[in-house]
Amino acid sequence: MSLRSSLAFLSLCLTALPLGATDVVWPTTMDRDSTRLPQDYLQPTVSGKTESGSFGMVREDGKRFHEGIDIRPAKTNADGEALDLVLAAMDGQVAYLNPNVNGPYGRYVVLHHGGAEIPVYTLYAHLAKLEPSLRIAQPVRRGTVIGLMGRTSAGASPITKDRSHLHFEVGLMLSTGFNLWYAAQAENRQSANHHGLYNGQNLIGMDPSPILAQPKVDLLAAVRSQPTALTVGLRTSKTPDFVARYPALVRGDAARAAGWYVEFSWQGMPLRWTALDAKSPQLPAGRWRLLEVDQRRRTLLIQRKMLGADGRTPGELLTQNLEILLSTAR
Ligand SMILES: [Zn+2]
């Protein structure tokens, strides 16, 4: 084979490779062909605005974050209750089952997808019923029934029948030290953590819509494609377990790091970690320090509490996420 024809053959092979390696199915029994436009599948809040069912600062005039998407039912019974089944979006295993209505998520299931380009979780909330045969650590194939769509929630405002939906999230876990962090917070003394590591504060979501839009997705590329909104310098010689669990997001030698330069997305996901040596000017004197802010995202970062109201100091959420991330690095 000549060089030219080998190159042509190679490029043919490369173009024949699928762009993404993880197979994704629509997480409800709604026909995927009928989910082309957001208004086809999103369940809005009482505001009636389609956007309120999407991911982002879409609630209460941009003041409240929605960490997933709300998928409306395709079928209801004569009483108006949802009949759609809820399905595993990707191959994975059962990570958490909450059959009780004791928090804003109501009855919910969390799956872990360790075989994806980066291990992600998916979360399915407000279920009317969990599939009773599910067990923790059980492998599940994509498309497996995991429950029935519903409207369970112990949140401040009940979900009415006409707003039944699946709340669907996809994202990363901040820390396996979350339970220690939670117990150490004075404001949590009166409220037990019912959900352990699968408490929403420890799960950081990204926009599920582009992930569900294709039958095959490169999840690592999806995580990496989120822009950096702010950066933080951390000082710690003990490696945060996030670094060990998501090595694809890490540059440099963790074993020799005196600290880390961490890039965060606007919603608070740590996207890129670069090891810092002891002489690095980015290494803070204290435990951590806010370094740079993308001023184009200032308003969004303030709304999300990644920044304080002045737009310069760390916000409550940034502080919380950093303390959770550092809970295994004391
Ligand atoms: Zn929701």
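Within every chain, residues take consecutive numbers counted from 1 along the sequence as written. This being a predicted model, a pLDDT of at least 70 is required before a residue's local features are given, and a value of 80 or more before pairs of side-chain atoms are given or counted; all residues contribute to the totals for chains, interfaces and linings.

Considerations on the overall build of the chain
What counts as a helix is a DSSP run of H or I of at least four residues, what counts as a strand is a run of E of at least two, and both are numbered from the N terminus. Across its full length, the chain holds eight helices and 19 strands. In this treatment the radius of gyration is a C-alpha quantity, and the globule benchmark scales as 2.2 Å times the residue count to the 0.38 power. The C-alpha atoms of the chain give a radius of gyration of 21 Å, which matches the 20 Å a tight globule of 330 residues would have. Taken along its principal axes, the extent of the C-alpha atoms in the chain is 70 × 70 × 40 Å. To sort residues by burial, count the other C-beta atoms lying within 10 Å of each one's C-beta; a count of 20 or more means buried, 12 or fewer means exposed, and anything in between means partly exposed. C-beta atoms are built from the backbone. By residue count, 39% of the 330 residues in the chain fall in the buried class. We call two residues in contact whenever the C-beta atoms placed from their backbones are within 7 Å. When contacts within the chain are restricted to residue pairs at least 6 apart in sequence, those whose partners lie at least 24 apart make up 66%.

What to know about unusual backbone geometry
For residues besides glycine, phi is generally negative; the peptide bonds are generally trans as well. Look at Asp-61: it is not a glycine, yet its phi comes out positive at around 55 degrees. Position of Asp-61 among the secondary structure elements: in the loop between strand S2 (56-59) and strand S3 (64-66). Taking the number of C-beta atoms within 10 Å as the measure of exposure, Asp-61 has 9 and is therefore exposed. Not every positive phi belongs to a glycine, and His-126 is a case in point at roughly 65 degrees.

Here we look at the domain arrangement of the chain
Where each domain begins and ends is defined by an automated method or by a domain database. Looking at the assigned domains, one finds that the chain contains domain 1 (22-219) and domain 2 (226-328). Between the C-alpha centres of domain 1 and domain 2 the distance comes to 26 Å. Listed by partner, the interface residues are 18 residues for domain 1 and 18 residues for domain 2. In terms of residues, the side of domain 1 that touches domain 2 owes the most to one element, helix H3 (residues 178-183), which gives three residues. For the side of domain 1 that touches domain 2, a count of residues per class yields 11 nonpolar, six polar and one charged. Polar here means any residue outside two lists: the nonpolar Ala, Val, Leu, Ile, Met, Phe, Trp, Tyr, Cys and Pro, and the charged Asp, Glu, Lys and Arg; Gly therefore counts as polar.

Things to note about helix H8 (residues 316-325)
For H8, the complete set of buried residues consists of Leu-318, Asn-321, Leu-322, Ile-324 and Leu-325. Looking down the long axis of H8, one finds its buried residues gathered within 160 degrees of arc, a one-sided arrangement. Those residues of H8 that are buried are in contact with H3, strand S15 (230-235), helix H6 (241-245), strand S18 (270-276) and strand S19 (288-293). Throughout, the arc means the angular range of directions from the helix axis out to the C-beta atoms.

Describing the environment of Gly-308
Note that Gly-308 resides in the loop between helix H7 (298-303) and H8. Residue Gly-308 is classed as partly exposed on the basis of its C-beta count, with 16 C-beta atoms lying within 10 Å. Each C-alpha atom, one on Gly-308 and one on Leu-318, is 9.4 Å from the other, the two residues being 10 residues apart in sequence. In contact with Gly-308, not counting residues within four places along its chain, are Thr-313, Pro-314 and Gly-315.

Thoughts on the pairing of strand S13 (residues 203-206)
Here S13 shows a buried face lined by Leu-203 and Gly-205 and a second buried face lined by Ile-204 and Met-206. Bridging between strand S12 (residues 166-173) and S13 involves four bridges; their strand directions are antiparallel. Bridge pairing links Leu-172 to Ile-204 in S13. Whether two strands pair comes down to DSSP finding at least two bridges between them.

Comments concerning the nonpolar core
The biggest cluster of nonpolar side chains holds 78 residues, and the ones touching the most others in it are Val-86, Tyr-108, Tyr-124 and Val-232. Looking at this core element by element, the count peaks at six residues for strand S8 (residues 120-127). Domain assignment of the residues forming this core places at least three in each of domain 1 (22-219) and domain 2 (226-328). Setting aside its immediate chain neighbours within four residues, Val-232 contacts Val-262, Phe-264, Trp-288, Arg-289, Leu-290, Leu-291 and Leu-322. What makes a nonpolar core is a set of buried Ala, Val, Leu, Ile, Met, Phe, Trp, Tyr and Cys residues, with links drawn between C-beta atoms within 7 Å.

Observations concerning the sheet that holds S19
Taken together, the five strands give an open sheet; going across it, the order is S16-S18-S17-S15-S19, and neighbouring strands pair in mixed fashion. Because the sheet does not close on itself, it has two edges, and the strands there are strand S16 (250-251) and S19. Across six bridges, the pairing between S15 and strand S17 (residues 259-264) is antiparallel. Paired with Leu-230 across the bridge in S17 is Phe-264.

Focus: the sheet that holds strand S9 (residues 129-130)
Taken together, three strands build an open sheet; the order of strands is S5-S11-S9 and the sheet is antiparallel. Each edge of the open sheet carries a strand with a single partner, namely strand S5 (85-87) and S9. In the sheet, S9 pairs with strand S11 (residues 145-148) via two bridges, with the strands oriented antiparallel. Within S11, the residue paired with Leu-130 across the bridge is Gly-147.

A short note on the pairing of S12
Most of S12 is tucked away, with eight of its eight residues classed as buried. Direction of pairing for strand S4 (residues 69-71) relative to S12: antiparallel, over a ladder of three bridges. In the sheet register, Asp-70 faces S12, and the bridge partner there is His-167. Inspection of the sheet shows S8 paired to S12 by five bridges, in the antiparallel sense. Bridge pairing in S12 links Leu-123 to Glu-169.

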